[in-house]
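# Analysis of the macromolecular model
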Amino acid sequence: MADIGGGRRARDSGGGARAGRAVVSGAGIAGLATALRLHRAGWEVLVVERAPARRSGGYMVNLVGPGHAAAERLGLLPALAPRDLGLFTTVMVRADGRPKFTVPAALAQAALGDRALTVFRGDLESALYRAVRDRAAIRFGTTVRAVEQDADRVRVSLDDGTSEQADLLVGADGLHSGVRRTVFGPEPGFRVDLRHAVAAFPLPRVPADVPEGAGTVYIGPGRTASVINLGPGRSSAFFAYRCADPDAELERGPVGALTAAFGDLGGGPAGALRLLAGAPEGAYFDSVSQIVMDGWSRGRVVLLGDAAWCVSLFAGHGAALALSGADRLGDALDEHGGDVPAALAAWEARLRPEVRERQASARTGMGRFAPPTRAHVWANDLVMRAIGLPGVSGLFQRSVQRSIRRSTERAAR
């Protein structure tokens, strides 16, 4: 990465904070949220996205604590509230689809409270896109090819042959980030493979073997399958399983890999796999990995979201962290005016403890999603059954509330 001379200076946004121009790579949740927050801070923003068009669908995401607070601050709640999937009853099932026991929705509602949203990832991205499209330039089918910077600016060469100069480059381009590869080094130096594969996809028809307003969950040694029936256009499936060679699984594709791993199951998973076979292009299917880095910024280049930390689906809160991270990046840039490197350092120092905690919870959570033995499955069932008992449910609710409160207080500091 070479240095370049000269360059424009950041301009004053009118409120005392010195704003400038930013290029954001990635038009997913992290990138669009960053573009929205920087625009509100007075920045001029260009978003570039490798995909030729917007993506839709995806799995469900939960916005609680800092994630809900960030969605509120970004003005997204009015658009998201009508799309809220709410909380639903969970029915734990055996391999043939027969129920074992039920976890009522009221238990989760009491623990999470009213400041919680569950939406499809595509609905969140759509709400962000509608909020950003008239406030930032967005180029689809475009990606970062090369980056040069000095103390005053960053020059971004794009694969469409153009070059952009800016005060800040944000790599919000996901787990397989091109900005990270270009500026920080090859992916293998940062990616920690958790040796699991995961798939999630919407269901075009209501699952016949899943009660309406409920989700069925099968958890067996090394795997889990969840199918949710919330009505037409609101139903989805989620599969995760342990595997020795995730890359080989990805080469098989979602239909072949998931059929081999879950084809013996009955009930909702069997129906979901039949629907997947008819429309495999709508599935999210990837290995489960985390990104671990000593630093998320270099000069005027910063990584955000999965490009920087990727807590993984086992941790949850990935979308919430992306929203919160974007919101807090805007706060740091406001506080430090034109000193972009100082703002990035302060932002990372505040956010890193929460990311570290979420990554650790993901490694613990693997045992819940894909227990290593039948004894572990039995122990998990015992814990989940106990949560519904009087007294124990109260302890569970207070524990969840304390965790949310700690995260929210940390984000506010």
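Residues numbered from 1 in each chain as written. Predicted model: local features only at pLDDT ≥ 70, side-chain atom pairs only at ≥ 80, totals over all residues. Heavy atoms only, no water.

Moving on to the pairing of strand β7 (residues 99-103). Of the strand pairs in this sheet, strand β6 (residues 89-93) and β7 are connected by 4 bridges, and their pairing is antiparallel. Within β7, the position partnered with Met92 by the bridge is Phe101. Between β6 and the antiparallel strand that follows it, β7, lie 5 residues; Gly97 among them carries a positive phi value of about 100°. (Pairing = 2+ DSSP bridges. Helix = DSSP H or I, 4+ residues; strand = E, 2+ residues; numbered from the N terminus.)

Judged by pairing direction, the sheet is antiparallel, and its 3 strands sit side by side in the order β10-β11-β12 without closing on themselves. Strand pairing shows two members of the sheet lacking a second neighbour, β10 (144-149) and β12 (163-166), which therefore form its edges. Strand-to-strand twist in this sheet, taken as the mean axis angle between neighbours without regard to direction, amounts to 20°. Bridge count between strand β11 (residues 154-158) and β12: 4 bridges; the pairing is antiparallel. Across the sheet, residue Val156 finds its bridge partner in β12, namely Glu164. (Axes fitted to C-alpha atoms, helices over the stretch in contact; angles between N-to-C directions.)

As a further point, take the confidence of the model for the chain. Across the chain, pLDDT averages 85, with 85% of residues at or above 70. For residues 1-17, every residue scores under 50 in pLDDT, and the model assigns this stretch 43 contacts once sequence neighbours within four places are set aside. Under a pLDDT of 50 for its full length, residues 389-401 has, in the predicted model, 14 contacts with residues more than four places off or in other chains. (pLDDT = per-residue confidence, 0-100. Contact = heavy atoms within 4.5 Å.)

The next subject is the side chain of Ser25. Structurally, Ser25 can be placed in strand β3 (residues 21-25). According to the relative accessible area criterion, Ser25 is buried, its value standing at 4%. Residue contacts for Ser25: discarding those within four places in its chain leaves Val48, Val144, Val170, Gly171, Ala172, Asp173 and Val179. (Buried < 20%, exposed > 50% of the residue type's maximum accessible area, 1.4 Å probe, protein only.)

To continue, consider the nonpolar core. Formed by 87 residues in total, the largest nonpolar core has its most connected members in Trp43, Leu76, Leu124, Leu168, Trp309 and Leu323. For this core, the element with the most residues is helix α9 (residues 318-336), which contributes 9 residues. Beyond its immediate sequence surroundings of up to four residues, Trp309 is in contact with Gln290, Ile291, Trp296, Leu304, Leu321, Trp347, Leu351, Val355 and Gln359. The next biggest cluster of nonpolar side chains, apart from the first, holds 24 residues, and it includes Val210, Ala237, Leu275 and Leu276. (Core = buried A, V, L, I, M, F, W, Y, C linked by side-chain atoms within 4.5 Å.)

With that out of the way, let us pick up the packing of aromatic side chains. The geometry of an aromatic ring pair is captured by two quantities: the separation of the ring centres and the angle between the planes. Applying the stated rule across the entire model yields 6 aromatic pairs. Here Phe239 and Phe262 contribute two aromatic rings whose centre-to-centre distance is 4.9 Å and whose plane-to-plane angle is 65°, an arrangement assigned as edge-to-face. Within this pair, whereas Phe239 is found in strand β17 (residues 236-242), its partner Phe262 is found in helix α7 (residues 246-262), the two being separated by 23 residues in sequence. No difference in accessibility class separates Phe239 from Phe262, as the two residues are buried. Residue Phe262 is classed as buried on the basis of its relative accessible area of 1%. Among the aromatic residues, ring-to-ring pairing joins Phe201, Phe239, Tyr241 and Phe262 into one connected group. Taking the ring centre of Trp296 as reference, the NZ or CZ of Arg352 above it sits at 4.4 Å. (Phe/Tyr/Trp six-rings, centres within 6.5 Å; stacked < 30°, edge-to-face > 60°. Lys NZ or Arg CZ within 6 Å of the ring centre and 35° of its normal.)

Next up on the list: the sheet that holds strand β13 (residues 168-171). Strand order across the open sheet formed by 6 strands is β9-β4-β3-β13-β20-β19, with mixed pairing between neighbours. Bordering the open sheet on either side are β9 (137-140) and β19 (297-298), each of which pairs with just one other strand. Where β19 and strand β20 (residues 301-303) come together, 2 bridges link them in antiparallel fashion. For Ser297, the partnering residue across the bridge sits in β20 and is Val302. In the packing of helix α10 (residues 340-369) onto the sheet, the strands contacted are β13, β19 and β20, and the crossing angle to β20 comes to about 20°.

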